[in-house]
Amino acid sequence: MTQPSKELLEFPCRFPLKIMGERHDAFATTIYEVVRVHAPDLAPHDVVQRESSSGRYLSLTVTVTATSRAQLDTIYLALTSHHMVKVVL
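Calculation notes
- Along each chain, residue indices are assigned from 1 in the same order as the chain's sequence is written.
- The model is predicted, so local features are restricted to residues of pLDDT at least 70 and side-chain atom pairs to those at 80 or more, both for listing and for counting; the totals for chains, interfaces and linings are taken over all residues.
- Processing note: side-chain calculations cover all non-hydrogen atoms of the structure and skip hydrogens and water entirely.
- In this text, helices come from DSSP runs of H or I with a minimum length of four residues, and strands from runs of E with a minimum of two, each type numbered from the N-terminal end.
- A fitted line through C-alpha atoms represents every axis, and for helices the fit uses only the stretch in contact; the resulting angles, taken between N-to-C directions, go from 0 to 180 degrees.
- Each angle receives one of four descriptions, namely roughly parallel if under 35 degrees, roughly antiparallel if over 145, roughly perpendicular if within 65 to 115, and oblique otherwise.
- By definition, turning the near helix anticlockwise from the far helix through less than a right angle yields a left-handed crossing, and turning it clockwise yields a right-handed one.
- Note on definitions: a residue-residue contact is assigned when non-hydrogen atoms from the two residues lie within 4.5 Å.
- Ten residues, namely Ala, Val, Leu, Ile, Met, Phe, Trp, Tyr, Cys and Pro, are considered nonpolar, four, namely Asp, Glu, Lys and Arg, are considered charged, and the remaining ones, Gly among them, are considered polar.
- Any carboxyl oxygen of Asp or Glu that lies within 4 Å of a side-chain nitrogen of Lys or Arg is treated as forming a salt bridge with it.
- Remark: exposure states derive from per-residue accessible area (1.4 Å probe, protein chains only) relative to the maximum for the residue type, with buried under 20%, exposed over 50%, and partly exposed in between.
- Paired strands, as defined in this entry, are two strands with at least two bridges between them according to DSSP.

Engineer: For this particular structure, what's the right way to read unusual backbone geometry?
Structural biologist: When glycine is set aside, most residues are seen to have a negative phi, and most peptide bonds are trans. Put simply, F11 and P12 share a cis peptide bond, and its omega is -5°. On the secondary structure map, P12 appears in the segment before strand 1 (13-22).

Engineer: Explain the packing of helix 1 (residues 27-38) against helix 2 (residues 69-80) here, please?
Structural biologist: At a minimum axis separation of 9 Å, helix 1 and helix 2 run at an interaxial angle of 150°. Comparing their axes, helix 2 and helix 1 come out roughly antiparallel. By crossing handedness, the relation of helix 1 to helix 2 is classed as right-handed. Taken together, the residues of helix 2 that come into contact with helix 1 (itself represented by I31, V34, V35 and H38) are Q71, T74, I75, A78 and L79. By residue class, the composition of the contact of helix 1 with helix 2 is six nonpolar, three polar and no charged.

Engineer: Help me understand the pattern of salt bridges, please; the structure alone is not making it clear to me.
Structural biologist: Opposite charge on two side chains makes pairing possible when the charged atoms of those side chains draw close. A complete count under the given rule lists five salt bridges for this structure. With a closest N to O distance of 2.9 Å, D46 and R14 form a salt bridge. Of the two residues, D46 sits in the loop between helix 1 and strand 2 (47-51) while R14 sits in strand 1, which places them 32 residues apart along the sequence. Judged by its relative accessible area of 9%, D46 falls in the buried class. A salt bridge links E51 to R23, with the shortest nitrogen-to-oxygen separation between them at 2.5 Å. With E51 in strand 2 and R23 in the loop between strand 1 and helix 1, this residue pair connects regions lying 28 residues apart in the sequence. Given a relative accessible area of 47%, E51 falls into the partly exposed group. Shared partners join several salt bridges into a network, and the residues in it are E22, R56 and K86.

Engineer: Please explain the pairing of strand 2 as it appears in this structure.
Structural biologist: For a regular strand, the rule is simple: side chains alternate between the two faces of the sheet. Pairing of strand 2 with strand 3 (residues 57-66), which is carried by five bridges, proceeds in the antiparallel orientation. Within strand 3, the position partnered with Q49 by the bridge is L60. Adjacent in sequence and paired antiparallel, strand 2 and strand 3 are bridged by five residues, among which G55 carries a positive phi angle near 85°.

Okay, structure coming up:
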């Protein structure tokens, strides 16, 4: 008999997403808006931006207040399918 899988996270919780893409003037704003569709309480201070040493790439750490696993899956899907995004961790 199989036992139901136990969630590793307790919701709601703060959950950081690391999003990387090529440097573009609208990268941070665009990603903020993509995530905000699925996490409407996202605030500008929840986004930390870093530039690669070469200056070619940008990395954003976006910390959302996740309410469910389904919400996180939806955010990951929206980000990984976006043309500006190279990697989501």
